[in-house]
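# Commentary on secondary and tertiary structure
Letter by letter, the chains look like this.
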Amino acid sequence: MTVERTLSILKPDATRRNLTGKINAKFEEAGLRIVAQKRLHLSEAQAGAFYAVHKERPFYKDLVAFMTSGPVVVQVLEGENAVAKNREIMGATNPANAAPGTIRKEFAESIEANSVHGSDSAENAATEVAFFFSGIEIVG
Ligand code: ADP
Ligand code: MG
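Starting from 1, residues in each chain are numbered consecutively following that chain's sequence as written. Whichever chain is written first is A, and whichever ligand is written first is 1; the rest continue in order. Totals for whole chains, interfaces and linings use every residue, but because this is a predicted model, local features are given only for residues with pLDDT of at least 70 and side-chain atom pairs only at 80 or more, for both listing and counting. Hydrogens and water are ignored here; the side-chain numbers use all heavy atoms of the structure.

### Re the site of ligand 1
Within the structure, ligand 1 sits among Lys11, His54, Phe59, Leu63, Arg87, Thr93, Arg104, Ile111, Glu112 and Asn114. One of the side-chain N or O atoms of Lys11 is found 2.9 Å from an oxygen atom in ligand 1. Each polar contact in these results corresponds to two N or O atoms within 3.5 Å; when the atoms are within protein, one needs to be able to donate a hydrogen and the other to accept it, and residues that are neighboring in sequence are counted only if both atoms are side-chain atoms. A distance of 3.0 Å is found between an oxygen atom of ligand 1 and a side-chain nitrogen or oxygen belonging to Arg104. Against a free-state accessible area of 530 Å², the protein chains account for coverage of 79% of ligand 1. Nonpolar residues are Ala, Val, Leu, Ile, Met, Phe, Trp, Tyr, Cys and Pro. Charged residues are Asp, Glu, Lys and Arg, and all others, Gly as well, are polar. By residue class, the composition of the shell around ligand 1 is three nonpolar, three polar and four charged. Put simply, a residue is near a molecule or strand once any heavy atom of it comes within 4 Å of that molecule or strand. Here the Shrake-Rupley method, with its probe set to 1.4 Å, supplies the accessible areas, and only the displayed protein chains count as covering residues.

Okay, structure coming up:
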């Protein structure tokens, strides 16, 4: 087992419905620690750059519009196998396929407005954490 860090985003559908505390409780109950956190309203350029890996996908334009539609909370989660553990707590991308008890099963509105983002590999986690946070903002 290794202690890892992963990048998490509470998406605009979650901030709009005042769900940040309920979602953070899921992370903490599962043993992940929030070692950095800030609330931002992403610009189109910032959201577009963050999701650049999806720019050829049909949903890219809508995704960028959604991610800039309201505030987000970006955070770094730390713990044993944090990348995979966070993906488990989040549940499947499409809430219709998400397991009971997961964030997306309980809170997501749709496949797009699915409440949370989580890095999908240790390598991407390092890039995504560095996209939003400098070293001194992460307090383990
Ligand atoms: P995940 O967030 O589970 O890693 P992806 O990386 O595949 O999923 O997609 C990034 C985000 O794009 C999703 O969380 C969701 O907000 C949006 N998205 C993915 N697939 C679709 C789709 N078919 N239609 C609309 N939005 C989508
Ligand atoms: Mg993804």
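### What to know about the sheet that holds strand β3 (residues 72–80)
Two strands are said to pair when DSSP picks up at least two bridges between them. Where helices and strands are cited, they refer to DSSP runs of H or I of at least four residues and of E of at least two residues respectively, numbered from the N terminus. Strand order in this open sheet of four strands is β2-β3-β1-β4, and the pairing throughout is antiparallel. Two strands in the sheet have a free side with no partner beyond their single neighbour: β2 (33–40) and β4 (116–118). Direction aside, the axes of adjacent strands within the sheet are offset by 20° on average. Pairing of strand β1 (residues 3–10) with β4 involves three bridges; the strand directions are antiparallel. Each residue of the ladder has a partner; that of Leu10, found in β4, is Val116. Lines fitted to C-alpha atoms define the axes, with helix axes restricted to the stretch in contact, and inter-axis angles between N-to-C directions lie between 0 and 180 degrees.

### Some remarks on the pairing of β1
One ladder, built from eight bridges, connects β1 with β3; its direction is antiparallel. By the bridge assignment for β3, Val3 is matched with Glu80.

### Considering the pattern of salt bridges
Definition used for salt bridges: Asp or Glu carboxyl oxygen within 4 Å of a side-chain nitrogen of Lys or Arg. Enumeration over the complete set of coordinates arrives at six salt bridges. Note that Arg17 is salt-bridged to Glu109, the shortest N-O span being 3.5 Å. In this pair, Arg17 sits in the loop between α1 (12–16) and α2 (20–29) while Glu109 sits in the loop between α6 (103–107) and β4, placing the two residues 92 residues apart along the sequence. Here's how the labels work: a residue is buried when its accessible area is under 20% of the maximum for its type, exposed when over 50%, partly exposed in between, all with a 1.4 Å probe on protein chains only. Judged by its relative accessible area of 29%, Arg17 falls in the partly exposed class.

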